[in-house]
Amino acid sequence: MSPNHVGFALILLAALFLVGKWLRVRVRWIQKIFLPSSIIAGFLALLAGPQVLGRVGEAAGVGWLADGGVFTPEILEVWAALPSLLISVVFATLFLGASIPGPRRVARLAGPQLSVGLAFGSGQYVVGLLLVIAVLGPLFGISPMAGALIEIGFEGGHGTAAGMRPVMEELGFEEGADLALGMATIGLVGGIVIGIAVINWGVRTGRTKVLKGNVEQSVEEQKGLYRRDENIPAAMMTSRPASIEPLTLHVAVVGIAILIGYLILTALQWVEQALWADTVELLAFVPLFPLAMLGGVVVQLVMDWRGIGHLLDHQMMLRIQGLALDFLILAAIATLSLTAIAANWEVFLVLSVAGVVFCTGFLLLFVPKVIPDYWLERGIADFGQSMGVTATGLILMRIADPHDESPAMEAFGYKQLFFEPFFGGGLITAASVPLIYQFGPWPLLVVMSVLFVVALVGGMSYRKRLVAAGTADAVHARQA
């Protein structure tokens with residue numbers, strides 16, 4: 001594979017993005033479900049690739065379509081390699097340029113929000129592992145590692161599912177990444193559709209405190225565009241371009257964060273090999289991306305300590321993250337194996353339905369008992385994140401609270417600082433599959449069950465204390 005193949009593969013991805021965006025702007029039903037352009041383009045590439053058009057060409061005797069559809073094997077090879085590389089960029093940018101408060105302040109501001117997030121994440125493991133142990137394993141012979149797929153696909157999203165592929169393949173669960181990627185698509189689309197339906201239901205039944213009429217989205221919002229008169233800054237200039245382009249500076253810092261994460265992971269793996277690898281080997285299977293996130297935290301803390309934290313702009317980091325995530329999602333869907341999903345369609349269907357039912361049921365039945373005020377505006381963000389990605393939660397939050405009138409954004413933001421290092425692609429997500437491989441499903445099921453109960457009971461108790469103290473509103477809690 002030559003450098004020309006790599007370059008042309010990236011150019012094709014860029015062209016597919018434009019086609020996906022054009023369809024988002026032109027097709028009404030795509031606008032209604034807020035389907036991202038990267039997902040649209042990914043499905044177009046999947047249809048034109050070896051999984052669909054390639055099989056049609058093979059059946060029709062069209063030889064030049066049989067190998068890769070309209071794409072060459074070299075292009076598909078480049079696309080297949082991108083997700084595991086770009087996922088480290090996505091996670092390294094999470095905390096760069098952001099203020100990192102202490103855990104006590106996070107707990108005081110977002111205690112109930114954190115309880116909801118932990119319950120969503122741990123509950124997905126409980127549901128998945130119980131189904132695999134009791135039903136899917138005995139009936140279909142699926143690996144116990146499938147018990148982690150709901151959290152990897154739903155809470156983690158396409159990026160985490162793609163990033164976990166090398167680990168699953170190394171552990172002999174080759175079909176796991178494709179199942180997780182398919183579930184990530186189900187979760188993202190289902191999260192948007194169900195989330196908007198819940199918001200409309202909340203408006204009609206008086207459960208929303210911000211919205212009092214029908215949920216209406218402007219034409220520009222449905223198309224995913226800004227009006228000409230809207231002045232939305234993409235990022236802030238923190239260095240003068242004459243010395244170094246601000247984007248270059250931020251990309252360089254992301255590279256340092258990933259390098260630190262790599263050094264941390266290498267050191268941990270060396271310690272494991274030196275001390276206990278003969279008995280239990282776990283860190284050898286942990287991917288790089290959660291450590292890249294820790295590398296970002298280290299870089300931010302050091303820069304804050306040195307008084308130069310202002311040189312990093314979080315909005316710029318979000319632009320870098322968004323670019324990497326868009327390319328990751330498109331490439332991951334384009335190289336998705338429909339054969340693996342078809343061969344395990346029963347497992348895929350059961351886990352997908354179970355994940356949707358759990359997330360929706362928890363939102364409607366338990367979130368009101370944990371979050372004391374503005375429960376729908378605040379809970380819908382965690383629901384969206386638990387079904388898709390953080391961006392899905394933010395979309396739903398913006399629909400439920402378009403002018404930031406509730407404490408939803410602040411509580412969700414602080415909760416993320418404590419939540420992201422562990423679930424949705426964090427350390428627990430990365431270690432879940434190796435843990436199940438080494439120890440079986442039961443230890444992780446017990447730990448996640450305990451965490452789910454503690455999060456739920458603790459959240460309900462904390463809510464009672466806030467209400468009793470007269471500080472149910474998160475704004476009051478911030479002032480106390």
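Procedures and definitions
Residues numbered from 1 in each chain as written. Predicted model: local features only at pLDDT ≥ 70, side-chain atom pairs only at ≥ 80, totals over all residues. Heavy atoms only, no water. Helix = DSSP H or I, 4+ residues; strand = E, 2+ residues; numbered from the N terminus. Rg over C-alpha atoms; globule rule 2.2 N^0.38 Å. Buried < 20%, exposed > 50% of the residue type's maximum accessible area, 1.4 Å probe, protein only. Contact = heavy atoms within 4.5 Å. Areas by Shrake-Rupley, 256 points an atom, 1.4 Å probe, with all protein chains shown as cover. Lys, Arg positive; Asp, Glu negative; His and termini not counted. Charge placed at Lys NZ, Arg CZ, Asp CG, Glu CD. Salt bridge = Lys/Arg side-chain N within 4 Å of Asp/Glu carboxyl O. Expected span 1.5 Å × (residues − 1). 1 Å grid on protein atoms, 1.4 Å probe; cavity = no way out; pocket = protein on both sides within 12 Å on 5 of 7 lines; lining within 4 Å. Points joined across faces, edges and corners; volume = space filled by probe spheres on them. Nonpolar A, V, L, I, M, F, W, Y, C, P; charged D, E, K, R; others polar. Core = buried A, V, L, I, M, F, W, Y, C linked by side-chain atoms within 4.5 Å. Axes fitted to C-alpha atoms, helices over the stretch in contact; angles between N-to-C directions. Parallel < 35°, antiparallel > 145°, perpendicular 65-115°, else oblique. Left-handed = near helix turned anticlockwise from the far one by under 90°. Patch = residues over 30% accessible without salt bridge, like charges linked within 9 Å, V, L, I, M, F, W, Y side chains within 5 Å. pLDDT = per-residue confidence, 0-100. Phe/Tyr/Trp six-rings, centres within 6.5 Å; stacked < 30°, edge-to-face > 60°. Lys NZ or Arg CZ within 6 Å of the ring centre and 35° of its normal.

Caption draft 1: Focus on the overall build of the chain. Helices and strands together make up the secondary structure of the chain, namely 24 helices and 0 strands. Taking 2.2 N^0.38 as the reference for a compact globule, 480 residues should give roughly 23 Å; the C-alpha atoms of the chain span a radius of gyration of 22 Å, in line with that estimate. Along the first, second and third principal axes, the C-alpha atoms of the chain reach 70 × 60 × 50 Å. Residue burial in the chain is summarised as follows: out of 480 residues, 52% are buried. In the chain, 78% of the contacts between residues at least 6 apart in sequence involve partners at least 24 apart. As displayed, the chain has an accessible area near 21,100 Å², and 66% of this comes from carbon and sulfur atoms. If you average the places of the 28 positive and of the 33 negative side-chain charges in the chain, the two averages end up 13 Å apart.

Caption draft 2: The pattern of salt bridges, seen in detail. This model, assessed by the stated rule, comprises 3 salt bridges. Ionic pairing is found between Arg165 and Asp178, a salt bridge with its closest N-O pair at 2.9 Å. Taken together, the positions of Arg165 in helix α10 (residues 165-170) and Asp178 in helix α11 (residues 175-204) put the pair 13 residues apart, joining distant regions of the chain. Judged by relative accessible area, which is 4%, Asp178 ranks as buried.

Caption draft 3: Structural view of α11. Between its first and last C-alpha atoms α11 spans 43 Å; for 30 residues at 1.5 Å apiece the expected length is 44 Å, and the two agree. Of all 30 residues in α11, 21 are buried; the element is thus mostly enclosed.

Caption draft 4: Region of interest: the layout of surface pockets. Quantified by volume, the second largest pocket comes out at close to 280 Å³. As for the second largest pocket, its lining consists of 17 residues, of which Ser84, Leu85, Ile87, Ser88 and Leu288 are closest to the centre. Of all the secondary structure elements, the ones that give two or more residues to the lining of the second largest pocket are α6 (73-92) and α10. Here the lining of the second largest pocket takes 7 residues from α6, the largest share from any one element. Grouping the amino acids of the lining of the second largest pocket by side-chain chemistry returns 13 nonpolar, 3 polar and 1 charged.

Caption draft 5: Focus on the nonpolar core. Core analysis: the largest hydrophobic core is formed by 123 residues, its most contacted members being Trp79, Phe120, Leu149 and Ile199. Here Trp79 is in contact with Ala9, Leu12, Leu13, Leu16, Ala45, Phe71, Ala331, Ala334 and Thr335, once residues within four sequence places are set aside.

Caption draft 6: Main features of the packing of helix α17 (residues 345-365) against helix α19 (residues 375-387). The interhelical angle for the contact between α17 and α19, taken along N-to-C directions, is 165 degrees, at an axis separation of 10 Å. Judged by the angle between their axes, α17 and α19 are roughly antiparallel. Judged by the twist between their axes, the crossing of α17 over α19 is right-handed. Contact with α17, carried on its side by Gly355, Val356, Cys359, Thr360 and Leu363, involves Trp375, Gly379, Ile380, Phe383, Ser386 and Met387 of α19 and no other residues of that element. Of the residues belonging to the contact of α17 with α19, the class tally is 7 nonpolar, 4 polar and no charged.

Caption draft 7: Representation of unusual backbone geometry in the model. The backbone phi angle of Tyr374 is positive, close to 55 degrees, even though this residue is not glycine. For Tyr374, the location among the structural elements is in the loop between α18 (367-370) and α19. Its relative accessible area of 17% is what places Tyr374 among the buried residues.

Caption draft 8: Summary view of the environment of Ala80. Mapped onto the fold, Ala80 is located in helix α6. A C-alpha to C-alpha distance of 5.9 Å links Ala80 and Thr335, two positions 255 residues apart in sequence.

Caption draft 9: Representation of the packing of helix α1 (residues 3-26) against helix α15 (residues 314-334) in the model. Where α1 meets α15, the closest approach of the two axes is 11 Å, and the angle between their N-to-C directions is 95 degrees. What the angle tells us is that α1 and α15 run roughly perpendicular. Side by side, α1 and α15 meet where Leu10, Leu13, Leu16 and Phe17 of the first sit next to Asp326, Phe327 and Leu330 of the second. Of the residues that constitute the contact of α1 with α15, the class distribution is 6 nonpolar, no polar and 1 charged.

Caption draft 10: Highlighting a nonpolar patch on the surface. A cluster of nonpolar side chains, namely Ile256, Leu259, Tyr262 and Leu263, defines an oily patch on the protein surface of about 400 Å² accessible area. If you trace the backbone, Leu263 turns up in helix α13 (residues 246-275).

Caption draft 11: Quick peek at the environment of Met448. Considering the arrangement of structural elements, one finds Met448 in helix α23 (residues 441-468). Taking the C-alpha atoms as reference, Met448 lies 33 Å from Lys209; in sequence the two are 239 residues apart. Beyond its immediate chain neighbours, meaning those up to four positions away, Met448 contacts Ser122, Tyr125, Val126, Phe423 and Ile428.

Caption draft 12: Expanded view of the confidence of the model for the chain. Per-chain confidence: the chain averages 85 in pLDDT, with 91% of residues scoring 70 or above. Averaged pLDDT values over the elements of the chain bottom out at 42 in helix α24 (residues 474-479) and peak at 95 in α17. The low-confidence segment residues 472-480 (pLDDT under 50) makes 17 contacts with residues lying over four places distant or belonging to another chain.

Caption draft 13: Broad picture of the side chain of Glu151. Counting through the fold element by element, Glu151 comes out in helix α8 (residues 149-155). Here Glu151 falls in the buried class, since its relative accessible area comes to 0%. Every residue in contact with Glu151, bar those within four places of it in the chain, is listed here: Gly121, Gln124, Tyr125, Gly156, Phe423, Gly424 and Thr429.

Caption draft 14: Main features of the packing of aromatic side chains. For the structure on display, the rule yields 9 aromatic pairs. Between Phe17 and Phe327, the aromatic rings sit 4.9 Å apart at their centres with planes inclined by 70 degrees, giving edge-to-face as the arrangement. Highlighted residues: Phe17 in helix α1 and Phe327 in helix α15, separated in sequence by 310 residues. Take Phe17: its relative accessible area is 16%, and that puts it in the buried class. Their ring planes at 65 degrees and their centres at 4.8 Å tell us that Phe71 and Trp79 sit as a pair that is edge-to-face. Of the residues examined, Trp79 reaches a relative accessible area of 0% and is grouped as buried. Three or more aromatic residues joined by ring pairs make a cluster, and in this case those are Phe120, Phe358, Phe362, Phe366 and Phe452. Its end group placed over the ring of Tyr374, Lys209 keeps NZ or CZ at 5.3 Å from the ring centre. One residue, Arg306, lies across the ring of Trp305, its end atom 5.5 Å from the ring centre.

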